[in-house]
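Residues per chain are reported as follows:
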Amino acid sequence: MEDIRVIMDESAIRRALTRIAHEMLEKNKGIEDVVLVGIRTRGIYLARRVAERIMEIEGVPVEVGELDITRYRDDRLAPGADEGSNAAELPFSTRDKRIILFDDVLYTGRTIRAAMDALMDHGRPQSIQLAVLVDRGHRELPIRPDYVGKNVPTARHEQIRVSLREIDQGEDHVSILHPGQPQE
């Protein structure tokens, strides 16, 4: 038996992304030379939502790109994956830009390491900052987010599930899944 508990509803996600947008503007003293890059899949939608918030706050558009890190992963290279495929859809140069990288959940840090490798293949940015909706701990690499929607201490056997309306049947929420104990 699984126990699923919602830890962020739609309004909590909206508030967290609005706060992250304000924190980014403050830390970067505006949005000049800042670009947002979302990690496929859910990071893209989070980056787009924050870009909308920045437009509402500052009245200035911010560029958003997306990153597919599949071929950069050290733990799950897809069989038959095209090693030469372009992992990024970036409508801008990363050279000398302050990149804010978005992901939905930060866990071991391996996804972020792969994303940084992919970004570096596209030019040398001025800096890379990290924004995540949920930080669940259990880092295996020395990676720390600059912007966090919610810190959720978890056990390794638990899972965090992020559902976004753009791809998950129109619902926004973050849940924690506690797998049940096996029956003997």
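Everything here concerns the structure above.
Below or above, wherever it landed, is the structure these notes cover. Starting from 1, residues in each chain are numbered consecutively following that chain's sequence as written. Only residues with pLDDT of 70 or above have their local features reported here, since the model is predicted, and side-chain atom pairs are shown and tallied only from 80 upward, although totals for entire chains, interfaces and linings are computed over all residues. The side-chain numbers reported here are obtained from all heavy atoms of the structure, hydrogens and water having been left aside.

Topic: the overall build of the protein chain
Step number 1: To qualify as a helix, a DSSP run of H or I must reach at least 4 residues; to qualify as a strand, a run of E must reach at least 2; elements of each kind are numbered from the N terminus. Secondary structure assignment for the protein chain yields three helices and nine strands.
Step number 2: When the helices and strands of the protein chain are read in sequence order from the N terminus, they spell out β-α-β-α-β-β-β-α-β-β-β-β.
Step number 3: Against the globule reference of 16 Å for 184 residues, the protein chain gives a C-alpha radius of gyration of 17 Å, in line with a compact fold.
Step number 4: Over its C-alpha atoms, taken along the principal directions, the protein chain stretches across nearly 60 × 40 × 30 Å. Put simply, the radius of gyration uses C-alpha atoms, and a globule should come to 2.2 Å times the residue count raised to 0.38.

Considering the packing of helix α1 (residues 10–27) against helix α2 (residues 42–58)
Step number 1: Note on geometry: axes are lines fitted to C-alpha atoms, helical ones only across the stretch in contact, with angles between N-to-C directions running from 0 to 180 degrees. Two numbers describe how α1 lies on α2: the axes approach to 9 Å, and their chain directions differ by 65°. Judged by the twist between their axes, the crossing of α1 over α2 is right-handed. For the pair formed by α1 and α2, the contact residues are I13, R14, L17, T18, A21, H22, M24 and L25 on the first element and L46, R49, V50, R53, I54, I57 and E58 on the second.
Step number 2: In terms of residue class, the contact of α1 with α2 is built from nine nonpolar, two polar and four charged. Each helix crossing is assigned a hand: it is left-handed if the near helix lies turned anticlockwise from the far helix by less than a right angle, otherwise right-handed if that turn is clockwise. Residue contacts follow a heavy-atom distance rule, with two residues in contact if any of their heavy atoms lie within 4.5 Å. For this classification, Asp, Glu, Lys and Arg are treated as charged, while Ala, Val, Leu, Ile, Met, Phe, Trp, Tyr, Cys and Pro are nonpolar and the rest, including Gly, are polar.

Some thoughts on the environment of M55
Step number 1: Note that M55 resides in helix α2.
Step number 2: Along the sequence, M55 and T18 sit 37 residues apart, while their C-alpha atoms lie 11 Å from each other.
Step number 3: What M55 contacts, discounting residues up to four positions off in sequence, is V60 and P61.

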